[in-house]
Amino acid sequence: MTLPRQTPRPENAVEISHLRKVYGRGGNVPGAEGATVAALKDLSLNVPRGSFFALLGPNGAGKSTLINILSGLVIKTSGEARVWGHDIDRDMRAARLSLGVVPQELNLDPFFTPRELLEVQAGLFGVPAERRRSDEILAAVGLADKAGAYARSLSGGMRRRLLVAKAMVHSPPVLILDEPTAGVDVELRRQLWVTMRDLNARGTTILLTTHYLEEAQALCDRVAIIDRGELVACDDTSALLARLDSKEMLITVDRDMTRVPAGLVPFRTELRSPRQVSVSYPPSRAHSGEIIAAIQDAGFVITNLTTREAALEDVFLRLTRHGPGDGDRAAAAQ
Ligand code: ADP
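As the structure is a computational prediction, the values presented were derived from the model and not from experiment.

**Describing the overall build of the protein chain**
Stage number 1. Along the protein chain, the regular secondary structure elements total eleven helices and 14 strands.
Stage number 2. Expressed along its principal axes, the backbone C-alpha trace of the protein chain runs to roughly 75 × 55 × 45 Å.
Stage number 3. Going through the 334 residues of the protein chain one by one, you find that 46% of them count as buried.
Stage number 4. Taking contacts inside the protein chain between residues at least 6 apart in sequence as the whole, the part at least 24 apart equals 68%.
Stage number 5. In the form shown here, the protein chain has an accessible surface area of approximately 16200 Å², with 50% of it arising from carbon and sulfur atoms.
Stage number 6. The distance from the centre of the 41 positive side-chain charges to the centre of the 40 negative ones in the protein chain is 2 Å.

**Section: the sheet that holds strand S1 (residues 12–24)**
Stage number 1. Strand order in this open sheet of four strands is S2-S1-S4-S5, and the pairing throughout is antiparallel. Taken across any chain shown, the strands that pair with only one partner, and hence form the sheet edges, are strand S2 (36–48) and strand S5 (86–87).
Stage number 2. Inspection of the sheet shows S1 paired to S2 by nine bridges, in the antiparallel sense. Bridge pairing in S2 places Tyr-23 opposite Val-37.
Stage number 3. Sheet strands touched by helix H1 (residues 63–70): S1, S2 and strand S4 (78–83). Its angle to S1, the strand with the most contacts, is close to 115°.

**A look at the site of the ligand**
Stage number 1. Around the ligand there are twelve residues in total, and Gly-60, Gly-62, Lys-63, Ser-64 and Thr-65 lie nearest to it.
Stage number 2. Lys-63 is positioned such that a nitrogen or oxygen atom in its side chain is 2.9 Å from an oxygen atom of the ligand.
Stage number 3. Burial of the ligand by the protein amounts to 64% of the accessible area it has alone, namely 560 Å².
Stage number 4. Contributing elements (two or more residues each) for the shell around the ligand: S2 and H1.
Stage number 5. Ranked by residues supplied to the shell around the ligand, first place goes to H1 with three residues.

**Structural notes on the domain arrangement of the protein chain**
Stage number 1. With domains assigned, the protein chain is organised as domain 1 (12–241) and domain 2 (246–309).
Stage number 2. For domain 1 versus domain 2, the distance between C-alpha centres works out to 44 Å.

**Considering the sheet that holds strand S13 (residues 276–281)**
Stage number 1. Pairing in this open sheet of four strands is antiparallel, and the strands run S12-S13-S11-S14 from one edge to the other. Unpaired on one side and paired on the other, strand S12 (268–273) and strand S14 (302–309) mark the two borders of the sheet. Between one strand axis and the next, the sheet turns through 20° on average, direction left out of account.
Stage number 2. Relative to S13, S12 is paired through five bridges, and the arrangement is antiparallel.

Conventions and cut-offs
- Residues numbered from 1 in each chain as written.
- Predicted model: local features only at pLDDT ≥ 70, side-chain atom pairs only at ≥ 80, totals over all residues.
- Heavy atoms only, no water.
- Helix = DSSP H or I, 4+ residues; strand = E, 2+ residues; numbered from the N terminus.
- Buried < 20%, exposed > 50% of the residue type's maximum accessible area, 1.4 Å probe, protein only.
- Contact = heavy atoms within 4.5 Å.
- Areas by Shrake-Rupley, 256 points an atom, 1.4 Å probe, with all protein chains shown as cover.
- Lys, Arg positive; Asp, Glu negative; His and termini not counted.
- Charge placed at Lys NZ, Arg CZ, Asp CG, Glu CD.
- Pairing = 2+ DSSP bridges.
- Axes fitted to C-alpha atoms, helices over the stretch in contact; angles between N-to-C directions.
- Near = heavy atom within 4 Å.
- Polar contact = N/O pair within 3.5 Å; in protein donor to acceptor, adjacent residues only side chain to side chain.
- Domains from an automatic or database assignment.

Okay, structure coming up:
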């Protein structure tokens, strides 16, 4: 069995075109016979080669369905998908070999050492003995000194890194990480970040799903947000944040304000306390100096001032908010 190493490097590590998935329901669910769920509705997106790509969306958005289609666990209803240039219909084997998937669950056999585990996994993927790199991979995820330890003696964070190592045995150019830091404490999360950044810096394209939006913002250069099976945004992280065009300034003054100074009327303001006002403004059209001047012109002395940039969390909430917020969503998605 040969690994698809010789494939020319494609422009996009993953290409998804008009992908649809409709789950059929029925049978065992009383009253649901024949009902269907459209989990992906005509979804198209590309994951550029070498990118660190976040796939975000609320629960039920269709993220797992998408990942499972790419890894061959779920059969799509229609549309096309390619992994490293390999069409999943015509060449699922090559597509699958181009992909490493790190699952959410810590499903490790406790009786194997990390090195044994990687050797077994390499065998399953048909990696010939001379091309196995178990020790190199363990070093890459910071587990070199644990190569001979029993998996059951590893901490939670080490096990997660071992799962990443396991997904890397066949040297896939594309790695999918499904909620890799869920339930992991802050320190271990940082360690995993270092591992993921390092793998990406060495050329592995990473597709990451996470509930921690600050994690996506810190790690990922490109972000796709899906909601109810549809793509609501796909852009460079910086462009997505700039699109929100919103900054917040929190200003504290030397004496009580009975009302917001007149010069701040063009902005969205909120009196947080008699001496503190928050001002939201679009940095593309307004300057922080205008806001400061408006306060000073009203005779106040500023005793403290902090600013907050828009965060990915703000973009996410705006784009995936349902009901009355749908108008915002249409405007922000333009
Ligand atoms: P996410 O991973 O973003 O939470 P999923 O892909 O798990 O979303 O689910 C998308 C939609 O498809 C949801 O409405 C979910 O209930 C439905 N779904 C997922 N798997 C199945 C299945 N095996 N059978 C029927 N419906 C499913």
